[in-house]
Amino acid sequence: MDENKMPENDGWKKNARLAIYAMAGFYLLTLAYQMFRAISTSHGNEQLVMIVATILFLIVGVGLIGFGLIVGYRNIKADHREDEK
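Residues numbered from 1 in each chain as written. Predicted model: local features only at pLDDT ≥ 70, side-chain atom pairs only at ≥ 80, totals over all residues. Heavy atoms only, no water.

### Focus: the side chain of Thr 54
Convention followed: The secondary structure listing takes helices from DSSP runs of H or I that are at least 4 residues long and strands from runs of E that are at least 2 residues long, numbered from the N terminus. Whether two residues are in contact is decided by their heavy atoms, any of which lying within 4.5 Å being enough.
With respect to the secondary-structure elements, Thr 54 resides in helix 2 (residues 45-84). Thr 54 has contacts with Ala 32, Met 35, Phe 36 and Ile 39, leaving out every residue within four places of it along the chain.

Below, the structure is given as structure tokens:
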């Protein structure tokens with residue numbers, strides 16, 4: 001068996017992993033929102049750390065959601081093409 005090819009029954013694992021990435025991205029976005037709301041109650045270094053973490057969580061969260069959705073869509077599209085052949 002070719003090492004680069006996944007067995008037929010492991011296709012769902014690939015799609016499940018991408019769904020978990022998207023859910024993790026959504027979780028990071030909710031954390032960023034909660035931290036953004038709490039910035040006004042923090043002071044000093046804590047406020048700076050919360051601002052940096054909020055921005056980081058936003059970037060990574062959006063990236064994970066985008067990656068999960070785009071690659072998942074491509075996989076589903078490729079599976080449909082293989083089924084048509």
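### What to know about the side chain of Asn 75
We count it as follows: Partly exposed describes any residue whose relative accessible area lies between the buried limit of under 20% and the exposed limit of over 50%, with all areas from a 1.4 Å probe on protein chains only and scaled to the type maximum.
Relative to the elements of secondary structure, Asn 75 occurs in helix 2. With relative accessibility at 15%, the residue Asn 75 sits in the buried group. Beyond its immediate sequence surroundings of up to four residues, Asn 75 is in contact with Lys 14, Asn 15 and Leu 18.

### Quick word on a nonpolar patch on the surface
Basically, it comes down to this: Nonpolar side chains (Val, Leu, Ile, Met, Phe, Trp, Tyr) within 5 Å and like charges within 9 Å form the patches, drawn only from residues with over 30% relative accessible area and no salt bridge. Computed with a 1.4 Å probe, the accessible areas rest on the Shrake-Rupley method; for each residue, only the protein chains presented here act as cover. One speaks of a salt bridge when a side-chain nitrogen belonging to Lys or Arg is within 4 Å of a carboxyl oxygen belonging to Asp or Glu.
Residues Ile 51, Ile 55, Leu 56, Leu 58, Ile 59 and Val 60 make up a contiguous nonpolar surface patch of about 510 Å² in total accessible area. Relative to the assigned elements, Ile 51 resides in helix 2.

### Remarks on a negative patch on the surface
Stated precisely, the cut-off is as follows: None of His or the chain ends enter the tally, which takes Lys and Arg as positive and Asp and Glu as negative. Note that the charge is assigned to NZ on lysines, CZ on arginines, CG on aspartates and CD on glutamates.
A surface patch of like charges, here negative, comprises Asp 79, Glu 82, Asp 83 and Glu 84. Locating Glu 82 in the fold gives a position in helix 2. Judged by relative accessible area, Glu 82 falls into the exposed class, the value being 55%.

### Describing the environment of Leu 31
Topologically, Leu 31 is positioned in helix 1 (residues 11-38). Sequence separation between Leu 31 and Ala 53 is 22 residues, and the spatial gap between their C-alpha atoms is 9.5 Å.

### Remarks on the environment of Leu 69
Looking at where Leu 69 falls in the secondary structure, it is placed in helix 2. Judged by its relative accessible area of 56%, Leu 69 falls in the exposed class. Between the C-alpha atom of Leu 69 and that of Asn 15, which follows or precedes it by 54 residues, the distance is 9.8 Å.

### Some words on the environment of Gly 63
With respect to the helices, strands and loops of the structure, Gly 63 is situated in helix 2. Judged by its relative accessible area of 40%, Gly 63 is partly exposed. Considered as a pair, Gly 63 and Tyr 21 are 42 residues apart in the sequence and their alpha carbons are 9.4 Å apart.

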